Amino acid sequence: MFDQLRLLVRLQAMDKTLFDLGQERDVIPGRLADLTQAEQALHSKLEAQQLQLDQVQKRRADLEEIADNVRARLRRAENRLMGSKSTKEYQAANAEIDDGKDSLKDTDNQLLEVMEQVEALEKKVGELTARHDELVAASKEERAQLEERYHNTDSEISRMIGNREELAGQVDKDLMKEYDFIRQARDGVALAAVSEGTCTVCHMTIPPQQFNELQRMDKIMSCPSCRRLIYWAEAEQLKEVL
Ligand SMILES: [Zn+2]
């Protein structure tokens, strides 16, 4: 029985490591997804600002075209004014010039406003592009590290599962069944050390009579409280595997 107990202690240590490695590996896909999400969010933001900038630049081009047309109209009206042969023609050309000047003033004011918007948006797009490029570069590096860690952890787990199977093969079949059953029912921990008369997993005191029996180590016992298999933590004979 004592040999069996020693095997279980080693198995328990292996299962603990396997559990920890599994957790380390299994959080990685989530972190990779977070990286992608952060990149996509910034990318969408950048695209939205770029679209806004494109629209404002289009509006600036439209206004510049309008201003050019007004100026051409003004030049024609001025020519007509110079060559006017009647008061009527003169007045008509003069009215068109006044109208054209008003229109040009209005267009220029709008242009000024739009140019300010273009400037502000260009600045924003520039900042976002820099932030985006920085994030992409940092993500790329972090992604590579995470993928490497995933791969390494996964290989280590595969290797350890092989070792565990080998070890489990040496444990008595019924005992192994019990161990695995408890492990699944009790958060992955089937074996508990009892130190100074207390179960170190559930922290309940083992009745003195049972603790005495446990110290004899001639049978596999269970914690009366958490039902895990227990062993005496201070046993000299277990020192080498603990
Ligand atoms: Zn317990």
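All figures in this text were calculated on a predicted structure; none of them were measured in a lab. (Residues numbered from 1 in each chain as written. Predicted model: local features only at pLDDT ≥ 70, side-chain atom pairs only at ≥ 80, totals over all residues. Heavy atoms only, no water.)

Participant: Sorry if this is basic, but what is going on with the domain arrangement of the protein chain here?
Facilitator: How big an interface is tends to be reported as the loss of accessible area on association of its parts. Domain boundaries in the protein chain define domain 1 (22-168) and domain 2 (172-238). Here domain 1 and domain 2 have C-alpha centroids that lie 65 Å from each other. (Domains from an automatic or database assignment.)

Participant: It is not clear to me how the pairing of strand β1 (residues 191-195) should be interpreted in this structure. Could you clarify?
Facilitator: Most of β1 is tucked away, with 4 of its 5 residues classed as buried. Where β1 lies against strand β4 (residues 229-232), 4 bridges are found, and the strand directions are parallel. Opposite Ala-193, over in β4, you have Tyr-231 as the bridge partner. Pairing of β1 with strand β2 (residues 198-199), which is carried by 2 bridges, proceeds in the antiparallel orientation. Across the sheet, residue Val-194 finds its bridge partner in β2, namely Cys-199. (Buried < 20%, exposed > 50% of the residue type's maximum accessible area, 1.4 Å probe, protein only. Helix = DSSP H or I, 4+ residues; strand = E, 2+ residues; numbered from the N terminus. Pairing = 2+ DSSP bridges.)

Participant: I tried to follow the side chain of Glu-39 on my own but got confused; where do I start?
Facilitator: In this structure, Glu-39 sits in helix α2 (residues 28-82). At 3.4 Å, the side chain of Glu-39 and the side chain of Arg-143 are in polar contact. When near neighbours in sequence (up to four residues on either side) are disregarded, Glu-39 contacts His-132, Leu-135, Val-136, Ser-139 and Arg-143. (Polar contact = N/O pair within 3.5 Å; in protein donor to acceptor, adjacent residues only side chain to side chain. Contact = heavy atoms within 4.5 Å.)

Participant: How should I be thinking about the coordination of the zinc ion in this particular structure?
Facilitator: Ideal geometry at a metal gives 109.5 degrees between four tetrahedral donors and either 90 or 180 degrees between six octahedral ones. Around the zinc ion, the protein contributes the donor atoms Cys-199 (SG), Cys-202 (SG), Cys-223 (SG) and Cys-226 (SG), which lie 2.3 to 2.4 Å from the metal centre. Coordination at the zinc ion comes from 4 donor atoms whose angles at the metal span 101 to 118 degrees, giving a geometry best classed as tetrahedral. Counting residues between consecutive donors of the zinc ion along the chain gives the motif C-x2-C-x20-C-x2-C. A residue pair is termed long-range when its members are at least 10 positions apart, and Cys-199 in strand β2 and Cys-226 in the loop between β3 (221-222) and β4 qualify at 27 residues. Since its relative accessible area comes to 0%, Cys-199 is described here as buried. (Donors = N, O, S within 2.8 Å, 3.2 Å for Na, K, Ca; no water. Tetrahedral: all angles 85-135°; square planar, octahedral: opposite > 155°, others 65-115°.)

Participant: In this structure, what is going on with the packing of helix α1 (residues 2-26) against helix α4 (residues 173-185)? I would like to understand it.
Facilitator: The relative placement of two packed helices is expressed as an angle between their axes plus a distance between the axes. One can describe the packing of α1 onto α4 by two numbers: an axis separation of 12 Å at closest approach and a directional angle of 35 degrees. Where α1 crosses over α4, the handedness of that crossing is right-handed. Residues Gln-4, Leu-8, Leu-11, Gln-12 and Asp-15 of α1 touch α4, and the partners they reach there are Leu-175, Met-176, Tyr-179 and Arg-183. Looking at side-chain class alone, the contact of α1 with α4 contains 5 nonpolar, 2 polar and 2 charged residues. (Axes fitted to C-alpha atoms, helices over the stretch in contact; angles between N-to-C directions. Left-handed = near helix turned anticlockwise from the far one by under 90°. Nonpolar A, V, L, I, M, F, W, Y, C, P; charged D, E, K, R; others polar.)

Participant: It is not clear to me how unusual backbone geometry should be interpreted in this structure. Could you clarify?
Facilitator: What you tend to see is this: most non-glycine residues have negative phi, and most peptide bonds are trans. One non-glycine residue, His-203, adopts positive backbone phi at about 65 degrees. By secondary structure assignment, the location of His-203 is in the loop between β2 and α5 (208-216). Residue His-203 is classed as exposed on the basis of its relative accessible area of 59%. In this structure, Arg-227 takes a positive phi of about 70 degrees despite not being glycine. Relative to the helices and strands, Arg-227 resides in the loop between β3 and β4.

Participant: I would appreciate a short explanation of the pattern of salt bridges in the present structure.
Facilitator: Oppositely charged side chains may form a pair once their charged atoms are brought near each other. Tallied over the full model, the rule gives 16 salt bridges. Across the pair Glu-142 and Arg-31 runs a salt bridge whose closest N-O atoms are separated by 3.1 Å. You can see Glu-142 sitting in helix α3 (residues 87-168) and its partner Arg-31 sitting in helix α2, a full 111 residues away along the chain. Arg-31 gets classed as partly exposed once you look at its relative accessible area, which sits at 34%. (Salt bridge = Lys/Arg side-chain N within 4 Å of Asp/Glu carboxyl O.)

Participant: When you look at the sheet that holds β1 in this model, what are you seeing that I'm missing?
Facilitator: By definition, the strands of a sheet pair up through backbone hydrogen bonds, in either a parallel or an antiparallel sense. One open sheet accounts for 4 strands, arranged β2-β1-β4-β3; its pairing is mixed. At either end of the open sheet lies a strand with only one pairing partner, and these are β2 and β3. Packed on one face of the sheet, α1 meets β1 and β4 and runs near 105 degrees to β4.

Participant: Mind showing me how you'd approach a negative patch on the surface here?
Facilitator: Among the surface-exposed residues, Glu-113, Glu-116, Glu-119 and Glu-122 lie close enough to one another that they form a single negatively charged patch. Looking at the secondary structure, you find Glu-122 in helix α3. (Patch = residues over 30% accessible without salt bridge, like charges linked within 9 Å, V, L, I, M, F, W, Y side chains within 5 Å. Areas by Shrake-Rupley, 256 points an atom, 1.4 Å probe, with all protein chains shown as cover. Lys, Arg positive; Asp, Glu negative; His and termini not counted. Charge placed at Lys NZ, Arg CZ, Asp CG, Glu CD.)

Participant: Help me understand the nonpolar core, please; the structure alone is not making it clear to me.
Facilitator: For soluble globular proteins, the rule of thumb is that nonpolar side chains tend to be buried together. Grouped together as the largest cluster of nonpolar side chains are 37 residues, with contacts concentrated most on Leu-8, Tyr-179, Ile-230 and Leu-238. For this core, the secondary-structure elements that each account for two or more residues are α1, α3, α4, β1, α5 and β4. Take this core: its biggest share by element is 8 residues, from α1. Taken domain by domain, the makeup of this core includes at least three residues from each of domain 1 (22-168) and domain 2 (172-238). Setting aside chain neighbours within four positions, we find Tyr-179 in contact with Leu-8, Leu-11, Gln-12, Asp-15, Arg-164, Ala-190, Leu-191 and Leu-229. Leu-46, Leu-53, Val-56 and Val-114 belong to the second largest nonpolar core, which has 11 residues in total. (Core = buried A, V, L, I, M, F, W, Y, C linked by side-chain atoms within 4.5 Å.)

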